[in-house]
Amino acid sequence: MSTFRPVPLPGEGEGSRLVDAVNTTVWRWFAALQRVLERHRTAVLVGAFSATFVAGIVLRFFALGRLGLNSDEAVYTGQAATLAGVDGFAEEFSIFRAHPLLYQYTVSVVYRIFGLSDFSPRVVSAVFGAATILVVYLIGKQLAGRRTGLVAAAIIAVMPFHIVVARQALLETPMTLFYAAAIYALLRYDAALDDPDASRWAPYGWAFAIGGLSGLSFMAKEVAGIIIPIIFVTMLVTKHFR
């Protein structure tokens with residue numbers, strides 16, 4: 001007769017205790033991590049925002065000059081060269097075309113300082129794009145706190161469409177920046193009206209900011225004029241139309 005005896009498997013009770021022990025350990029780790037995050041909340045938020053902002057900058061500035069200008073970029077940079085007084089451009093690129101000239105004027109200043117190149121107009125656009133990340137963070141923070149602002153900034157920092165447009169010498173990037181800044185000013189204006197501790201002049205300051213930033217957005221590209229009905233509707237909905 002064989003003397004082989006199979007080793008008994010753990011019973012259900014022993015297996016349940018093992019699972020419970022693992023779950024307890026994991027949850028303890030999570031609780032410890034949460035306590036660390038709560039204790040260093042400000043440092044974590046600053047670090048997360050810094051990492052998000054750096055990632056957004058890298059994605060918008062890396063290898064900007066690798067490809068040549070496309071058709072729209074050539075038109076806008078040609079207008080900028082004409083505004084900067086570069087010889088030989090006025091005959092081919094008239095100043096007045098289909099769109100306002102805020103971006104072209106900005107690039108013309110860069111041309112006067114650093115000279116003509118295909119790279120510098122894209123740097124200007126990328127700067128506008130990187131600044132938009134900060135403004136989106138401020139909008140999210142104003143609406144629902146710093147965590148929401150951080151999430152919103154992270155989304156736009158890695159948003160493919162915004163990255164692609166911000167890497168080109170196009171009008172949409174400065175338009176988006178000033179449009180978003182006008183929305184932020186609108187939120188601050190609304191908050192100032194509801195804040196009893198705010199300066200009596202704060203709403204007026206934010207109202208002027210709304211107008212100025214909306215105007216800059218429109219001067220980048222005329223389609224930004226849609227912000228005007230948005231402002232009026234917002235004032236009506238929040239009962240602050242004064």
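Above this text you will find the structure in question.
Residues numbered from 1 in each chain as written. Predicted model: local features only at pLDDT ≥ 70, side-chain atom pairs only at ≥ 80, totals over all residues. Heavy atoms only, no water.

Visitor: Where do I start with the nonpolar core in this structure?
Guide: One broad rule of soluble globular proteins: the nonpolar side chains tend to lie buried together. Formed by 25 residues in total, the largest nonpolar core has its most connected members in Tyr103, Val107, Tyr111, Val124, Phe128 and Val135. Those elements that place two or more of their residues in this core are α3 (71-83), α4 (102-114), α5 (119-144) and α8 (172-194). In terms of residue count, the dominant contributor to this core is α8 (six residues). (Core = buried A, V, L, I, M, F, W, Y, C linked by side-chain atoms within 4.5 Å. Buried < 20%, exposed > 50% of the residue type's maximum accessible area, 1.4 Å probe, protein only. Helix = DSSP H or I, 4+ residues; strand = E, 2+ residues; numbered from the N terminus.)

Visitor: Sorry, what's going on with the packing of α5 against helix α6 (residues 146-157) here?
Guide: Packed helices, taken two at a time, are described by their axes: the angle between them and the distance between them. It is the contact of α5 with α6, at a shortest axis distance of 7 Å, that shows an interaxial angle of 150°. Taken together, the axes of α5 and α6 are roughly antiparallel relative to one another. Regarding α5 and α6, the two cross each other, and that crossing is right-handed. The residues of α6 that touch α5, namely those facing Thr132, Ile133, Val136, Tyr137, Gly140, Lys141 and Ala144, are Arg146, Thr148, Gly149, Leu150, Ala152, Ala153, Ile156 and Ala157. Considered class by class, the residues forming the contact of α5 with α6 number nine nonpolar, four polar and two charged. (Axes fitted to C-alpha atoms, helices over the stretch in contact; angles between N-to-C directions. Parallel < 35°, antiparallel > 145°, perpendicular 65-115°, else oblique. Left-handed = near helix turned anticlockwise from the far one by under 90°. Contact = heavy atoms within 4.5 Å. Nonpolar A, V, L, I, M, F, W, Y, C, P; charged D, E, K, R; others polar.)

Visitor: Got a minute to help me understand the packing of aromatic side chains in this structure?
Guide: Centre distance and the angle of the planes are the two values used to describe a pair of aromatic rings. Counted under the stated rule, the structure contains six aromatic pairs. For the pair phenylalanine 49 and phenylalanine 53, a centre-to-centre distance of 6.0 Å together with 15° between the ring planes defines the contact as stacked. With phenylalanine 49 and phenylalanine 53 both in helix α2 (residues 41-61), this residue pair falls four residues apart, about one helical turn. Over the ring of tryptophan 201 we find arginine 200, and its NZ or CZ is 4.9 Å from the ring centre. (Phe/Tyr/Trp six-rings, centres within 6.5 Å; stacked < 30°, edge-to-face > 60°. Lys NZ or Arg CZ within 6 Å of the ring centre and 35° of its normal.)

Visitor: Got a minute to help me understand the layout of surface pockets in this structure?
Guide: One way to see where empty space is left: roll a probe the size of a water molecule over the atoms. Roughly 160 Å³ of internal volume is contained in the second largest pocket. In this structure, the second largest pocket is lined by Ala63, Leu64, Arg66, Leu67, Gly68, Asn70, Glu73, Arg122, Arg167 and Gln168. Considered class by class, the residues forming the lining of the second largest pocket number three nonpolar, three polar and four charged. (1 Å grid on protein atoms, 1.4 Å probe; cavity = no way out; pocket = protein on both sides within 12 Å on 5 of 7 lines; lining within 4 Å. Points joined across faces, edges and corners; volume = space filled by probe spheres on them.)

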